[in-house]
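Architecture at a glance
Spelled out from the first residue to the last, the chains are:
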Amino acid sequence: MGKRVALTGNEAAALAMKQINPDVVAAYPITPQTDIVQYFSSFVHDGKVKTEFVTVESEHSAMSATIGASAAGARAMTATSSQGLALMWEMLYIASSYRLPIVMPVVNRALSGPINIHCDHSDTMGARDSGWIQLYSESAQEAYDNLIQAVRIAEHPDVRLPVMVCFDGFITSHGLENLEILEDSEVSEFIGEFEPEYSLLDPEHPVTFGPLALQNYYFEFKRQQADAMTKVAAVVRRVGMEFEKVSGRHYELFEEYRLGDAEMAMVVANSTAGTAKEVVDELRAQGKKVGLLKIRMFRPFPKEEIAAALSSKQIVAVLDRADTYSTMGGPIYNEVRSALYDEKLRPLTMSYIYGLGGRDVGLDDIRKVFSDMEASRTAGKVSEPINYLGVHE
Amino acid sequence: MAEQSAALDTRHERQYSTRGVVLMPVPTTLKELSKKPEILTGGHRLCAGCGAPIAVRQILKALETPVVIGNATGCLEVATSIYPYTAWRCSWIHTAFENAAATISGVEAAYRSLRRQGKVKSEFRFIAFGGDGGTYDIGLQSLSGAMERGHRMVYVCYNNEAYMNTGIQRSSATPLGADTTTSPAGSAIPGKPVPRKDLTAIMAAHNIPYVAQASPSNWLDLIKKADKALNADGPAFLNVLAICPRGWRTESNEGVEIMRLAVDTCYWPLYEVDNGVWRITYKPKDKKPVEEWLKRQGRFKHLFTAENKHIIEELQAEVDRNWQRLLELSEKTS
Ligand SMILES: Cc1ncc(C[n+]2csc(CCOP(=O)(O)OP(=O)(O)O)c2C)c(N)n1
């Protein structure tokens, strides 16, 4: 079993990368991810990793070089945030389409404009349909654990898809946390050797990556990608169970917190789940039947499991740290609502957009959401389905 | 053709050794070259007379090890890799338009890492091919980054002086006055209003081991340069002229002749910058006027009028200035 250490989220992510010890890392600095690149540079320059470190001139090139390295049979990683992820956008789709098991920590930060360096989820939510698996992390511990599990998930023969591991900028990336880490040997044993099915560097078997596929073939490539996504949940579960044996920490597709008998449920991803748990405990102490569902795997979306966990609730409020600008509420809200559509019992639902650009979300904000839910439940209807929490109107 | 046949007799003697592997010298006679297997095979869908595959095949004649080729989006890429077929007898990767250099730099990084770990045994070379759009314009940043980082790779720009794949739009390699679909020869603005930029010099300013400018019309010169580029101890860049009969509005059987005129007018001088030493590799006996190159191509037709004559003069002045500069640089650095 591992040891306890005090680390920031970025230190934890960099440590996970060091223990994964990738063959190639290509990365570019951006707040709040920068520390990861800096720590990793020290590992390289102090000879602590075997990694070939490619100090690219942009995130577009970071993802391009990572794709090239992965296609060449290397275990390849990068890391980014916000504008960096936006600049990679073109290449994200290419990475997933080429079925490359790249693992990338993304430290969530608001997208410009106006420019802002603080946390929200508009960056990774903007990439939600790029064919990447997305895992969200409440804490530095979860970011660390998710990164290690992500290698196994991405490289699983049923999957062979890239994974982004998301955690909150500054709140998690720069906050100091006591966490439990694994031994280097435990990590390398857990992830094993990468054995690529195809490599550009096999002289006996030349391969083609990225041909032109027209009307007669393109669709089949895309169908296979969609099919691979249907296999992900089972792999995430299995890897989670194996990880528990090594770490003692339990991972599911999402976390249920006092949700079983709850009548009013909140859904949220990343660090705000910690604040929400506090309020759930407080309201439970007052005898209120409230609970929380914390999103872990957002892509693919575990629709049956989430529907089963929420359909019997009277009301569900979904908190999103990103907007869709569709006038239909946040991205997680839309997925949750859609997942519930086929259920016989359907709770009332509410969307709360919160914390954009790092706007603080405190206990009072969460309390307000629960009291709104209570009012709607009593009224038997939701009069304001789309809400902006903590904004100065 | 006189210089060419004279050159046939000059075999290179050199046997070089790279990481313990003694490699055979590159053949330099047509007979021997024709025996080397083609890596880019027939059956691709490039137009008749296209300069790109000629350049590629000549360059690959210099190859002596397995290779991974990267392609930027463009004519060469789309016409050689139509799924489920490929014209490439080697490992090949295309990802996007502006990033062939970054992509192949990642492949090269993987190679370095895996070879160090003993996981890859064979010696490989890495070549990226991009059109002038993918190189001079949208891919310049990615190219500059990869060259500065010192990857052992060769970047080849097959330069047809416009975005041909999307239908002949101007690029920053398009010469002054040329008629393209985004710099049409209109009644108010007669073709491209600004001159091309000098990418070969920009790449030389990266102080990488090897930079050269070449043309498939002077095939032995090109193969020798490819050989040097492939064996440079670090990044190398080749800027290779590649005719586009559709875009230049020429007949498909005149390519070599027309590209030779680019060389003989010094519009496209052949030179190299080998570890900082500038060397003109071919000096035309009599430097022909630029008009001789221009008049063979429909894209310059509108320049041959009284009111546009000054554009030809400007082009001539640019060519002369550049040639003079090359002469001086090769004098200074040799
Ligand atoms: C990011 C991006 N922008 C634009 C395009 C459209 N596009 C594809 S090929 C091409 C032109 C290629 O020109 P060049 O690099 O000169 O190569 P050529 O077609 O002449 O071989 C363009 C504009 C693209 N594929 N990707």
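Parameters and conventions
Residues numbered from 1 in each chain as written. Chains lettered and ligands numbered in written order. Predicted model: local features only at pLDDT ≥ 70, side-chain atom pairs only at ≥ 80, totals over all residues. Heavy atoms only, no water. Helix = DSSP H or I, 4+ residues; strand = E, 2+ residues; numbered from the N terminus. Rg over C-alpha atoms; globule rule 2.2 N^0.38 Å. Buried < 20%, exposed > 50% of the residue type's maximum accessible area, 1.4 Å probe, protein only. Contact = heavy atoms within 4.5 Å. Areas by Shrake-Rupley, 256 points an atom, 1.4 Å probe, with all protein chains shown as cover. Lys, Arg positive; Asp, Glu negative; His and termini not counted. Charge placed at Lys NZ, Arg CZ, Asp CG, Glu CD. Buried area = accessible area lost by both parts, 1.4 Å probe. Salt bridge = Lys/Arg side-chain N within 4 Å of Asp/Glu carboxyl O. Polar contact = N/O pair within 3.5 Å; in protein donor to acceptor, adjacent residues only side chain to side chain. 1 Å grid on protein atoms, 1.4 Å probe; cavity = no way out; pocket = protein on both sides within 12 Å on 5 of 7 lines; lining within 4 Å. Points joined across faces, edges and corners; volume = space filled by probe spheres on them. Nonpolar A, V, L, I, M, F, W, Y, C, P; charged D, E, K, R; others polar. Pairing = 2+ DSSP bridges. Axes fitted to C-alpha atoms, helices over the stretch in contact; angles between N-to-C directions. Phe/Tyr/Trp six-rings, centres within 6.5 Å; stacked < 30°, edge-to-face > 60°. Lys NZ or Arg CZ within 6 Å of the ring centre and 35° of its normal. Near = heavy atom within 4 Å. Domains from an automatic or database assignment.

Check the secondary structure of chain B and you find 13 helices and 10 strands. Over its C-alpha atoms chain B spans a radius of gyration of 19 Å, differing by no more than 12% from the 20 Å that the globule rule assigns to 334 residues. Expressed as lengths along the three principal axes of its C-alpha atoms, the size of chain B is roughly 65 × 45 × 35 Å. Expressed as a percentage of the 334 residues in chain B, the buried residues total 62%. In chain B, once contacts between residues fewer than 6 apart in sequence are set aside, the share between residues at least 24 apart is 69%. For chain B, the exposed surface amounts to about 13200 Å²; the carbon and sulfur share of it is 55%. Measuring between centres, the 41 positive side-chain charges of chain B sit 6 Å from its 35 negative side-chain charges.

As a further point, take the interface of chain B and chain A. The interface is formed by 41 residues belonging to chain B together with 43 residues belonging to chain A. A buried area of about 3000 Å², summed over both sides, lies between chain B and chain A, and 61% of it is on carbon and sulfur atoms. Linking chain B with chain A are 4 salt bridges, by the criterion used here. Where B:Arg149 meets A:Glu57, a salt bridge forms, and the shortest distance between an N and an O atom there is 3.1 Å. Along the contact surface separating chain B from chain A lie 19 residue pairs in polar contact (both at pLDDT 80 or more).

Where the residue is not glycine, phi is negative for most of them; where a peptide bond is considered, it is trans in most cases. Residue and element names in this part refer to chain A. Residue glycine 113 is reached from serine 112 by a cis peptide bond, and omega for that bond is 10°. Residue position: glycine 113 is located in the loop between β5 (103–108) and α5 (122–126). Here the residue pair arginine 299 and proline 300 is connected by a cis peptide bond, since its omega of -10° sits within 30 degrees of zero. The residue proline 300 is located in the loop between β13 (297–299) and α11 (303–310) in this model. With a phi close to 55°, asparagine 21 is a non-glycine residue in the positive phi region. Structurally, asparagine 21 can be placed in the loop between α1 (9–20) and β2 (24–26). Among the residues examined, asparagine 21 registers a relative accessible area of 21% and is labelled partly exposed. Look at arginine 258: it is not a glycine, yet its phi comes out positive at around 50°. Relative to the helices and strands, arginine 258 is located in the loop between β10 (254–257) and β11 (264–269). For arginine 258, a relative accessible area of 40% gives the class partly exposed.

Any empty space left between the atoms is revealed when a probe the size of a water molecule rolls over them. Residues and elements named next belong to chain A. Here the largest pocket defines a volume of roughly 1300 Å³. Considering the residues around the largest pocket, the lining is formed by 47 residues, among which Ser97, Tyr98, Arg99, Phe209 and Phe221 are closest to the centre. Elements that contribute at least two residues to the lining of the largest pocket include exactly α3 (59–71), α4 (82–97), α6 (140–155), β9 (208–209) and α8 (218–230). The greatest single-element share of the lining of the largest pocket, amounting to 6 residues, is contributed by α8. Residues that form the lining of the largest pocket fall into these classes: 25 nonpolar, 11 polar and 11 charged.

Below, the discussion takes up the sheet that holds strand β12 (residues 290–295) of chain A. All names here are of chain A. Read across the open sheet, the 6 strands follow the order β10-β12-β11-β14-β15-β16; overall the sheet is mixed. Each of the sheet's edge strands pairs with one partner strand only, and the pair in question is β10 and β16 (386–389). Across the sheet, the mean angle separating the axes of adjacent strands is 20° when strand polarity is ignored. Bridge count between β11 and β12: 6 bridges; the pairing is parallel. Looking across to β12, one finds that valine 267 is bridged to leucine 293. With respect to the sheet, helix α12 (residues 331–340) is in contact with β11, β12, β14 (315–320), β15 (348–354) and β16, its orientation differing from that of β14 by roughly 150°. Across the face of the sheet, helix α13 (residues 363–379) comes into contact with β11, β12, β14, β15 and β16 while running at roughly 140° to β11.

One pass over the structure, following the stated rule, counts 19 aromatic pairs over all chains. Pairwise contacts between aromatic rings join A:Phe40, A:Phe43 and A:Phe53 into one cluster. In this structure, A:Lys18 is placed above the aromatic ring of A:Phe43, and the distance from its NZ or CZ to the ring centre is 5.4 Å. For B:Arg196, the ring lying beneath its charged end belongs to B:Tyr267, and the centroid distance is 3.9 Å.

Among the 18 residues in the neighbourhood of the ligand, the closest are listed as B:Gly133, B:Gly134, B:Tyr158, B:Ala162 and B:Asn165. Looking at the residues close to the ligand, they fall on chains A and B. One nitrogen or oxygen atom from the main chain of B:Gly133 is found 2.8 Å from an oxygen atom belonging to the ligand. One of the backbone N or O atoms of B:Ala162 is found 3.0 Å from an oxygen atom in the ligand. By residue number, the principal contributor to the shell around the ligand is helix α6 (residues 132–137) of chain B, which donates 3 residues. Class assignment for the residues of the shell around the ligand results in 7 nonpolar, 8 polar and 3 charged.

With that settled, the discussion passes to the environment of B:Glu254. Here B:Glu254 shows up in the loop between α10 (245–248) and α11 (255–264). Here the alpha-carbon distance between B:Glu254 and B:Ile243, two residues 11 residues apart in the chain, equals 9.5 Å.

Residues and elements named next belong to chain A. Domain boundaries assigned for chain A yield domain 1 (3–247) and domain 2 (254–389). Placing the centre of domain 1 and that of domain 2 at their C-alpha centroids yields a distance of 28 Å. The interface of domain 1 with domain 2 comprises 31 residues on the first partner and 26 residues on the second. Summed over both sides, the interface of domain 1 with domain 2 buries roughly 2100 Å², with 53% coming from carbon and sulfur. Considering only the surface of domain 1 that becomes buried against domain 2, Arg128, Tyr136 and Glu138 emerge as the three largest contributors, covering 29% of it. Notably, a salt bridge pairs aspartate 129 with arginine 299, separated by 3.2 Å at the nearest N-O pair. Between domain 1 and domain 2 we count 20 residue pairs in polar contact (both at pLDDT 80 or more) in total. Those elements that provide at least two residues to the side of domain 1 that touches domain 2 are α5, β6 (133–137), α6, β7 (163–168) and α9 (232–247). Broken down by element, the residue count for the side of domain 1 that touches domain 2 peaks at 5 residues, all from β6. When the residues that make up the side of domain 1 that touches domain 2 are grouped by side-chain class, the tally is 14 nonpolar, 10 polar and 7 charged.

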